[in-house]
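# Overview (structure and organization)
If you want the building blocks of each chain, they are given just below.
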Amino acid sequence: MFRRFFRHIKEGFFGVFRHLGMALSSASAVMITLILIGLFLIVTLNLYDMTKTIEDSISISVLIEKGDEDSHETIEEQILKIDGVKSVTYRTPEEEFDYYLETQGSDELRTFYEEYRDDNPFRGNILVEVESGSQMAYVKEEIMKIANVDEVADGGANTYTLLDMLDSIRLFGGILVAALCLLAIYLVYNTIKITIASRADEIWIMRNVGAKNGYVRAPFLVEGIIIGFLGAIIPMILAVVVYYYIYGEMNGSLFGAFYLIEPMPFALYIAGILGLTGIVVGFIGSYVSVCKYLRLKR
Amino acid sequence: MISIRDVSKTYKNGTHALYNINLEIQDREFVYIVGSTGSGKSTLIKILNGEEIPTSGEVMVNGTNVGKLRFGKVPLYRRGIGVVFQDYRLLPRRTVFENVAYALEVVDAKKKDIRVRVREVLKLVDLEDKATSFPDELSGGQQQRVAIARAIANKPKILIADEPTGNLDPKKSDEIIQLLEKINKEEETTILIVTHDTQIVRHHPKRMVMIESGHIVADLNKGAKI
Ligand SMILES: Nc1ncnc2c1ncn2[C@@H]1O[C@H](COP(=O)(O)OP(=O)(O)O)[C@@H](O)[C@H]1O
Ligand SMILES: [Mg+2]
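Residue numbers restart at each chain and count upward from 1, following the sequence in its written direction. Written order decides the labels, with chains lettered from A and ligands numbered from 1. Residues qualify for local features only when their pLDDT is at least 70, as the model is predicted, and side-chain atom pairs are given and counted only at 80 or more; totals for whole chains, interfaces and linings, by contrast, use all residues. In computing side-chain values, all of the structure's heavy atoms are included and hydrogens and water are not.

## Some words on the domain arrangement of chain A
Once the domains are mapped, chain A shows domain 1 (2–54 + 162–293) and domain 2 (59–153). A separation of 48 Å is found between the C-alpha centroids of domain 1 of chain A and domain 2 of chain A. Boundary definitions for the domains trace back to an automatic or database domain assignment.

Spelled out as structure tokens, the structure:
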């Protein structure tokens, strides 16, 4: 059992060396794919993390005049009638105060502000979520017409642009990554096809003496996985080293406003994902190749 | 037992290779399948081996319906059938011993059992002294004997040889047939020999099935053993 396992591994390595040029070229295709996937993951995950910290500013804050808090339900009803409004959430002045305290970094500040609770300067706040960034201005205008509304503030259309941008990046990046994955799979597939052709006699013998399909497949799958993993090594190292470097250079923030994700363990996760992706790509490429060949002849 | 009923085979490209073949072969029989090139002999072998599926009809081999065999079940079925071909098909970079052992390795036999069985079959084919030779150091007849040793290593109930003497001179051919007779007797293996070499059939008369253009035209000496 173990002997057999090691034999497959050994044969897989032999396969890589027998067609080293082919193996290396498909490994480099896997490498380029993984570098792009790594880049894509680092950028989108960071952007995604940033949008979480600014989530509140993407809704419109409708501040109610002091003393008129009881009218918040009627105002909400009116707001919901406006086209393009997705949802409304009401926060009482007390909740606003608590929320503000929570967002303060130090305990010292918190205890300091706590003293002002009875003198609560916050107004009742209706958070209005809008369906899309383009409706923001219109909705804001309509809300301002409602009685008892003191002030309407929004996180700015910028936030929406950022979100829209993030969506586009995700979409195009996703398509690009998928296409590159397919290309890498195809190249592995081709490499394995050539290995199979060069060992057709041996496969024929194996099958004629009754080797199970899994046994015939195994060395080729190992070879595909090795190619995939070879292609992943450099991207994995780059992910960790480059991310640490950038994080250090930028002091962990972007424009001083947004925080980058801490490199530990984030960079390691990325490296892990890349390694796994490389293995999966190699596995799929070789699996499709060898299955197709085996099915061609019974 | 092999039982072939109303088997026809039409290849994907439209070639009709076999028409309504009916054939029964008992255990331990020794049968020649004779016919000219293109008559459908190899097609029949491939159907028995599970490599091709009959277009219609039923093929039962030792209780297995071969035409209905699922893809994943073919390997286990094949362990019951040994095959030998005209071109030997040995692994050039492995010794005689390793070539025979290979058949046992791929079916996960134990190392000790492999050694014992390889010695045994090499003795049977009279190549004990060539165990460490490589295929290209052997004559054609010797290579074919290695191929036979490999085919019977797993103790198949049936041994099929497709033109086993096709590349050999009459004397060597004779030796191969004698070896197959010995295997038939000592290992109690059913032997099927596909050939168009009338000389060997004449020297070693057995049951003979004659195929022409995909039809069985004669079946002589049925049931005769040795
Ligand atoms: N894989 C195949 N595809 C299409 N036609 C085939 C195939 N194999 C054999 N044939 C055709 O089937 C007929 C029988 O071939 P075969 O069984 O190989 O005959 P034999 O072994 O008696 O020479 C021939 O006409 C041959 O050309
Ligand atoms: Mg033939």
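Now that the structure is up, let's keep going.
## Examining the interface of chain B and chain A
Contacts are assigned to residue pairs that have any heavy atoms within 4.5 Å of one another. Listed by partner, the interface residues are 31 residues for chain B and 21 residues for chain A. Here the buried area means the combined drop in accessible surface, using a 1.4 Å probe, for two parts upon being joined, counting both sides. For the pair chain B and chain A, the two sides together bury roughly 2300 Å², of which 52% comes from carbon and sulfur. The largest contributions to the chain B side of the interface with chain A come from Phe71, Arg78 and Val106 of chain B, which together make up 28% of the buried area. Any carboxyl oxygen of Asp or Glu within 4 Å of a side-chain nitrogen of Lys or Arg constitutes a salt bridge here. Our count for the chain B to chain A interface comes out at two salt bridges. Arg7 of chain A is the partner of Glu105 of chain B in a salt bridge, and the nearest nitrogen-oxygen pair spans 4.0 Å. As used in this structure description, the phrase polar contact means that two N or O atoms lie within 3.5 Å; if the pair is within protein, one of them must be able to donate a hydrogen and the other to accept it, and residues adjacent in sequence are counted only when both atoms belong to side chains. The interface formed by chain B and chain A includes five residue pairs in polar contact (both at pLDDT 80 or more). For the side of chain B that touches chain A, the secondary structure elements donating two or more residues are helix H2 (74–78), strand S6 (81–85) and helix H3 (96–105) of chain B. The secondary structure listing takes helices from DSSP runs of H or I that are at least 4 residues long and strands from runs of E that are at least 2 residues long, numbered from the N terminus. Of all the elements, H2 of chain B adds the most residues to the side of chain B that touches chain A, at four residues. When residue character is reported, Ala, Val, Leu, Ile, Met, Phe, Trp, Tyr, Cys and Pro are called nonpolar, Asp, Glu, Lys and Arg charged, and the others, Gly included, polar. Counted by class, the side of chain B that touches chain A contains 17 nonpolar, four polar and 10 charged residues.

## Things to note about the domain arrangement of chain B
The accessible area lost on association of the parts is a frequent measure of interface size. Residues and elements named next belong to chain B. In terms of domain boundaries, chain B breaks down into domain 1 (1–80 + 157–226) and domain 2 (88–155). Contacts between the two partners involve 15 residues from domain 1 and, on the opposite side, 16 residues from domain 2. The contact between domain 1 and domain 2 buries some 1300 Å² in all, and 64% of this surface belongs to carbon and sulfur atoms. A per-residue breakdown of the area domain 1 buries against domain 2 is headed by Arg79, Leu179 and Glu187, which together make up 36% of the total. Counting across the interface, domain 1 meets domain 2 through two salt bridges.

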